[in-house]
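So the chains spell out like this:
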Amino acid sequence: HNFPALALSGQCLRDAGRHAEALELYRRAAAENPASAVPVANVAGSLLQLGRRAEAEKEFRHALALDPTEGDSAANLARLLRENGRTAEALELLDRTVAAGGSSVQLFVERGTMRATAGRLEEALDDFRAAVRRAPEDPQPLENAARALFQLGRLREAALTYETLARLAPGRADVWKTLVALYLELGLGAEAERCARAALRVENEPAERARLEELLAGLAAAP
């Protein structure tokens, strides 16, 4: 009957990929503390992992009824609604959760993703930046913000954001190559060369390495 022990045991089982066992412990934790949205959200997450989507949707709604600011539950529920073609309902849910005071990273990433898909890029950028402020070490919101800036034609800001992403994930050749393309578009050959050399250090694909070496040779020969 120890709520913290039940919750932590459920988390350990979840992290080990034992979702059916985690579900049972989360249910017990929810029974011990019926006023808390957290174990209910965990029940929903385990159901989702087990492919029991209808039950997961019901439990995410239960978690939000207990705590309207439960951002991760709102994000997961919105994703389920979106995948079922209920996009307007999903966006309304996310807006309502943000208005209630929800502040989780997932919440803003999901709303930003939906707004970007709808072509509402400025609003999507606001959401991705809100997520970055809450989790500056998480590369996903940064990458989403950089992509939105690129789609808006704000190439210098996009480059700066990709630079931050490259510092977080220096082993990602795709990020360095994106920077190369941006700096070439901006006419900044020296910056493109720097990023191409960084990409070459971490690129393993022979064809891509050859392309980078050819690009570097061309940049070196440029006046």
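Reading the values: the criteria
- Residues numbered from 1 in each chain as written.
- Predicted model: local features only at pLDDT ≥ 70, side-chain atom pairs only at ≥ 80, totals over all residues.
- Heavy atoms only, no water.
- Salt bridge = Lys/Arg side-chain N within 4 Å of Asp/Glu carboxyl O.
- Helix = DSSP H or I, 4+ residues; strand = E, 2+ residues; numbered from the N terminus.
- Buried < 20%, exposed > 50% of the residue type's maximum accessible area, 1.4 Å probe, protein only.
- Polar contact = N/O pair within 3.5 Å; in protein donor to acceptor, adjacent residues only side chain to side chain.
- Contact = heavy atoms within 4.5 Å.
- Axes fitted to C-alpha atoms, helices over the stretch in contact; angles between N-to-C directions.
- Parallel < 35°, antiparallel > 145°, perpendicular 65-115°, else oblique.
- Left-handed = near helix turned anticlockwise from the far one by under 90°.

### Details of the pattern of salt bridges
Any two side chains of opposite charge can pair if their charged atoms end up close together. Evaluation of the coordinates by the stated rule reveals 29 salt bridges. Among the ionic pairs, Arg61 bridges to Glu89, the shortest N-O distance being 3.1 Å. Here Arg61 is found in helix α4 (residues 53-66), whereas its partner Glu89 is found in helix α6 (residues 87-100), with 28 residues between them in sequence. With relative accessibility at 32%, the residue Glu89 sits in the partly exposed group. Of the charged contacts, one joins Glu157 and Arg154 as a salt bridge, the two residues approaching to 2.8 Å between their closest N and O atoms. Overall, the relative accessible area of 31% leaves Glu157 in the partly exposed class. Each member of the salt-bridge network shares a partner with another, and the members are Asp95, Arg111, Arg115, Arg120, Glu123 and Asp127.

### Remarks on the side chain of Thr161
Position of Thr161 relative to the elements: it lies in helix α10 (residues 155-168). Side-chain polar atoms of Thr161 contact the backbone oxygen of Glu157, separated by 2.9 Å. Here Thr161 is in contact with Leu142, Ala145, Ala146 and Leu149, once residues within four sequence places are set aside.

### Comments concerning the packing of helix α3 (residues 37-49) against α4
Close contact between α3 and α4 brings their axes to 8 Å; oriented N to C, the two are set at 165 degrees. Classified by the interaxial angle, the pair formed by α3 and α4 is roughly antiparallel. For the crossing formed where α3 meets α4, the hand is left-handed. Residues Ala37, Val40, Ala41, Val43, Ala44, Gly45, Leu47 and Leu48 of α3 form the contact with α4, whose own contacting residues are Arg53, Glu55, Ala56, Glu59, Phe60, His62, Ala63 and Leu66.

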